[in-house]
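Fold and contact review
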Amino acid sequence: MHIRASFLRGVRSIGQNGDTDIFPSPLDKYLFFDNPEACADCLHEYFNEACKVGSSGLKSFFRPFLSKDTVLSHAGFKGFRWATQIHQFGNAYLLGLVIHAADRIQVRRDAVAGGRSFSYNFRSGESSSLFTPNGWQSFESAKREIARQRPGYVGIADIADFYSRVYHHRIKNEMNHAGVDGQIVLQIDVMLSMIADDKSFGLPIGGDASRILAELALVPVDEQLVTDGIEYRRYVDDYVIFGPTRADVFRSVVRLSEILHSHGLSLQKSKLRIDNVSSLFGATDLKSELDAESRVSLETDLSLEIRRMMLLDISYDPYSETAKEDYDRLKEEAETIRVGDILSHQIKLPHPNMSILRRIFRLFKFIDFDQQAALVEMMLDNSHLIFPILPRVLHVAKPMVSKIDPVKRGRLFRKLRAIVTARREDMAVPMNRLFALRLLAHDPSTEATKLIAEMYRDTNHPSLRRDAVLVMARRGNWSWLGERRKLFDQLHQWEQEAFIACSFLLGDEGAHWRRGYSKGFSGFQMLTLDWMQARVQDGKRLLPV
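Presented here is an overview of the structure given in this document.

Rules of the game
Residues numbered from 1 in each chain as written. Predicted model: local features only at pLDDT ≥ 70, side-chain atom pairs only at ≥ 80, totals over all residues. Heavy atoms only, no water. Phe/Tyr/Trp six-rings, centres within 6.5 Å; stacked < 30°, edge-to-face > 60°. Lys NZ or Arg CZ within 6 Å of the ring centre and 35° of its normal. Core = buried A, V, L, I, M, F, W, Y, C linked by side-chain atoms within 4.5 Å. Buried < 20%, exposed > 50% of the residue type's maximum accessible area, 1.4 Å probe, protein only. Helix = DSSP H or I, 4+ residues; strand = E, 2+ residues; numbered from the N terminus. Contact = heavy atoms within 4.5 Å. Pairing = 2+ DSSP bridges. Expected span 1.5 Å × (residues − 1). Arc of directions from axis to C-beta. Disulfide = S-S within 2.5 Å.

**Regarding the packing of aromatic side chains**
Applying the stated criterion across every chain, the model contains 32 aromatic pairs. Over the ring of Y456 we find R465; its NZ or CZ atom is 4.0 Å from the centre of that ring. Taking NZ or CZ as reference, R484 lies 4.3 Å from the ring centre of W480, over its face.

**Details of the nonpolar core**
Most often, soluble globular proteins have nonpolar side chains that are buried together. Counting residues in hydrophobic clusters, the biggest one holds 176 residues, and the most contacted among them are F62 and Y93. Looking at this core element by element, the count peaks at 13 residues for helix α5 (residues 88-113). Setting aside residues no more than four positions away along its own chain, F62 makes contact with A50, Y93, Q187, V190, M191 and M194.

**Describing unusual backbone geometry**
We note that D198 has phi near 70 degrees; this positive angle belongs to a residue other than glycine. Following the sequence through the fold, D198 ends up in the loop between α9 (182-195) and α10 (208-217). Of the residues examined, D198 reaches a relative accessible area of 52% and is grouped as exposed.

**Comments concerning the pairing of strand β3 (residues 153-158)**
Across six bridges, β3 lies against strand β5 (residues 238-243) in antiparallel orientation. Bridge pairing links I156 to V240 in β5. Pairing between β3 and strand β6 (residues 273-276): four bridges, direction antiparallel. The partner of I156 across the bridge, within β6, is R273.

**Comments concerning helix α17 (residues 323-334)**
For α17, which comprises 12 residues, the first-to-last C-alpha distance of 16 Å matches the rise-based estimate of 16 Å (1.5 Å per residue) to within 8%. Where α17 is concerned, the buried positions are A323, L330 and A334. The arc that holds every buried residue of α17, seen down its axis, measures 40 degrees, which confines them to one face. Exposed residues pointing more than 90 degrees away from the buried face of α17 are listed as K324, E325 and E332. If you follow the buried residues of α17, they end up packed against α19 (354-363).

**Considerations on the pairing of strand β2 (residues 80-86)**
As defined by bridge partners, strand β1 (residues 68-74) adjoins β2 across seven bridges and the pair is classed as antiparallel. Of the residues in β2, the one forming a bridge with L72 is W82. Hairpin connection, β1 to β2: the antiparallel pair is bridged by five residues, and G76 has positive phi, about 75 degrees.

**Quick look at the state of the cysteines**
Considering all chains together, one arrives at zero disulfides under this definition. Cysteine C51 remains unbridged, with the sulfur of C42 as its closest cysteine sulfur at 15 Å. In this model C502 remains outside any disulfide bridge; the closest cysteine sulfur is found in C39, 18 Å from its own. For C502, a relative accessible area of 0% corresponds to the buried category.

Next comes the structure, spelled out in structure tokens:
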């Protein structure tokens, strides 16, 4: 595949699916969706220039489009994790490089651990979907099939802080082993180092480039496990190890720990479990998967409903020949589950069970719209109790606001404003505020305008300030935007690019400003300018947020 084709596929993937599954989608997703060919041309031109620079000059060359924002987010009820969003041009460039290497990486993975690793297997071709579908469902089916065929014992373990501890030189060595072009290896290595602030380890969480490289980093671990004859299945950093006796499984887990240690990795101390197969994968596996507080609920009248919900197979392939029948079957069965009662019960617990809450969200698309709206309202009423999943709540609420009746819409926005204003634990981390801002964009009240201005003023995170600029433009707050115009040279790069798009909404004032400033725009900023000009000419004045 020619490198431009790799950039084009990466652009189309971001345009269709977004850049990560952690952050709200940036404005550039829509630029990539509307103008993939022009964006791929721009990335290809940068690649040709980068090849001329030489290794010593790559950091200086990449620096203008590798700015990033590192944001704290919740990891369950008792922890946090850092998530990094990269400038969209740099993110698309890195993804294009990795896609160009991905066929060779997948060949290496298949040769070492074919049939054992089910996560993010790369799919060749031109599709915007980069990975083979239903990886998790295949992993679940495979481990249960082994358990059925080979009664005995099983160990469940996962790697601690995997993405943040992956060594770059391991990735570089494995790319070389896979036969990836040297120029591609060099550029990926330099970009990873820059994203990690010149540290030699760590991958940004949530993006497809990181997913492919993380899988590559575990190839030598898989290779040693296969060589040692250990029976296992893996999904990303989750390992399931099988053996005839508890002692056999324990020895295999010890060996896995030794292998990981040699790669600078280790197992999560609190998550290792060894038990007989029937306990973990048999009819009673639900009780063993839930924590103590949630197990109490199995003695209540909700026990059947929780079991049905947790064990319902909700894998769905929209491209299968029976897609419509499969969807209708899932929808019919999902709508019989008392999801509202389950959620109400979970909210009353000191610490709701994350597995149950996640399963409720996975069922969302299969349940009635009115029930969805009722669940969202219940969660907003108790946002301080379910704060780790608040971004998901706000994300699913956003498309609802245009469909629910005005009374319910007004009530939803009042609840949201109260959440933001209260500044409890549900709004303590920046990631939750990012999602709240996206939903506030659709609240027409003056109270929301004041809150958005406060959120902009009270943060240094460029992702939130960028989004606030876009939201204010969408709301037609021209005086506020005019102030940003006067301060343009002092704005962060991400705010500047948002303002370039917004300047088309300022009429003659914006046109005059662009005539004076556009000569200094980068190639990516010119793409943004041309894209927005075309949107305005087509009558699409509202910016998507």
